[in-house]
Amino acid sequence: MGMSVTISAAAAEDAEQIFKLQYLAFQREAELYGNYLIQPLTQSLDSLKEELATDTVLVARLGDEVVGTVRGNVDEEGTGKIAKLCVHPRLQGHGLGARLLRAVEEALAGHAGTTRFRLHTGHKSESNLRLYRNAGYTQVGGRTASDGVQLVILEKDTKDPTEFAVSA
């Protein structure tokens, strides 16, 4: 069997697969918070298509199937904002989330003037917090999302010495 997962830029025709994956992958988060109105579950397909056209959107593929995705963009202050990192439930816990995170960081770091990365996750999302902390992120604040979920905001400097190590 031995198919490997590849990560690449998303194409417009990936929109429906990303939409379905996002809905599936964020069910666990919705259950954790007892809130099925979280933004990844209520986002429209048209809104996702707009993000595909304007943001850096990466997908992880197993054959033709999209099994992971992440989005990001760089704001005018040089902050690479990372969002909606998700992995198909059957592939979670195998390092694919970390690979997607590194890939989007590398893509966003390629924009002139990117100085830091910022992302957020729910305060009860221990596996997400562990992933981000292991990747060098530290908590810089918090806020309440429009859906009522308490978010932890994390950042890391793009100059992190462990970043972008070239592997042989």
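Just so it is clear, the structure is predicted and the values come from calculations on it, not from any experiment.

## Remarks on the overall build of the protein
Piece 1. A count of helical and extended segments in the protein gives six helices and seven strands.
Piece 2. Mapped in sequence order, the helices and strands of the protein form the string β-α-α-α-α-β-β-β-α-β-α-β-β.
Piece 3. For the protein, with 168 residues in total, the buried portion stands at 43%.
Piece 4. When contacts within the protein are restricted to residue pairs at least 6 apart in sequence, long-range pairs at least 24 apart make up 62% of them.
Piece 5. Distance from the positive charge centre (18 side chains) to the negative charge centre (22 side chains) of the protein: 4 Å.

## A short note on helix α1 (residues 15-25)
Piece 1. Within α1, burial applies to A15, I18, L21, Q22 and A25. The buried residues of α1 all sit within an arc of 130° when viewed along its axis, so they share a single face.
Piece 2. The inward-facing, buried residues of α1 contact α2 (27-33), α3 (39-42), α4 (45-54), β2 (56-62), β3 (65-74) and β4 (79-87).

## Structural notes on the sheet that holds strand β6 (residues 138-144)
Piece 1. The strand order across the open sheet built from seven strands is β1-β2-β3-β4-β5-β7-β6, with neighbouring strands paired in mixed fashion. Because the sheet does not close on itself, it has two edges, and the strands there are β1 (5-9) and β6. Sheet twist, expressed as the average angle between the axes of neighbouring strands with direction ignored, equals 25°.
Piece 2. As judged from the six bridges shared by β6 and strand β7 (residues 150-157), these two strands associate in the antiparallel manner. Its bridge partner being in β7, T144 is matched across the sheet by Q150.
Piece 3. Where helix α5 (residues 96-109) meets the sheet, its contacts fall on β1, β2, β3, β4, β5 (116-122) and β7, and the angle it forms with β4 comes to roughly 155°.
Piece 4. Contacting β4, β5, β6 and β7, helix α6 (residues 126-134) runs over the sheet at an angle of about 165° to β5.

## A closer look at the pattern of salt bridges
Where charged atoms of side chains with opposite charge meet at close range, the side chains can pair.
Piece 1. Inspection of every chain in the model, using the stated rule, returns eight salt bridges.
Piece 2. Of the charged contacts in the structure, one is a salt bridge between R90 and E65, with a shortest N-O distance of 2.6 Å. Of this pair, R90 sits in the loop between β4 and α5 while E65 is found in strand β3, placing the two residues 25 residues apart along the sequence.
Piece 3. On the basis of relative accessibility, which here comes to 44%, the residue R90 falls in the partly exposed class.
Piece 4. A salt bridge links E155 to R118; the nearest nitrogen and oxygen atoms lie 2.4 Å apart. In this pair, E155 is assigned in strand β7 and R118 in strand β5, connecting sequence segments 37 residues apart.
Piece 5. A residue is classified by how much of its surface remains accessible, and E155, at 16% relative accessible area, is buried.
Piece 6. Each member of the salt-bridge network shares a partner with another, and the members are E51, R71 and K84.

The rules behind these values
Throughout this description, residue numbers start from 1 for each chain and increase along the sequence as written. In keeping with the predicted nature of the model, local features appear solely for residues at pLDDT of at least 70, side-chain atom pairs appear and are counted solely at 80 or more, and the whole-chain, interface and lining totals rest on all residues. Note: side-chain values were computed over all heavy atoms of the structure, leaving out hydrogens and water. Secondary structure counts use DSSP, requiring at least four H or I residues in a row for a helix and at least two E residues in a row for a strand, with both numbered from the N terminus. Buried residues are those whose accessible area, probed at 1.4 Å on protein chains only, stays under 20% of the maximum for their type, while exposed residues exceed 50% and partly exposed ones sit between those limits. Contact criterion: two residues are considered in contact whenever any of their non-hydrogen atoms come within 4.5 Å of each other. The positive count covers Lys and Arg only, the negative count covers Asp and Glu only, and His and the chain ends enter neither. Note that the charge is assigned to NZ on lysines, CZ on arginines, CG on aspartates and CD on glutamates. What the arc describes is the spread of directions from the helix axis to the C-beta atoms. Strand pairing follows a simple DSSP-based rule, namely that at least 2 bridges must link the two strands. Here the axes come from fitting lines to C-alpha atoms, over the contacting stretch only for helices, and the angles between their N-to-C directions go from 0 to 180 degrees. The salt bridge criterion pairs a side-chain nitrogen of Lys or Arg with a carboxyl oxygen of Asp or Glu, the two atoms within 4 Å.

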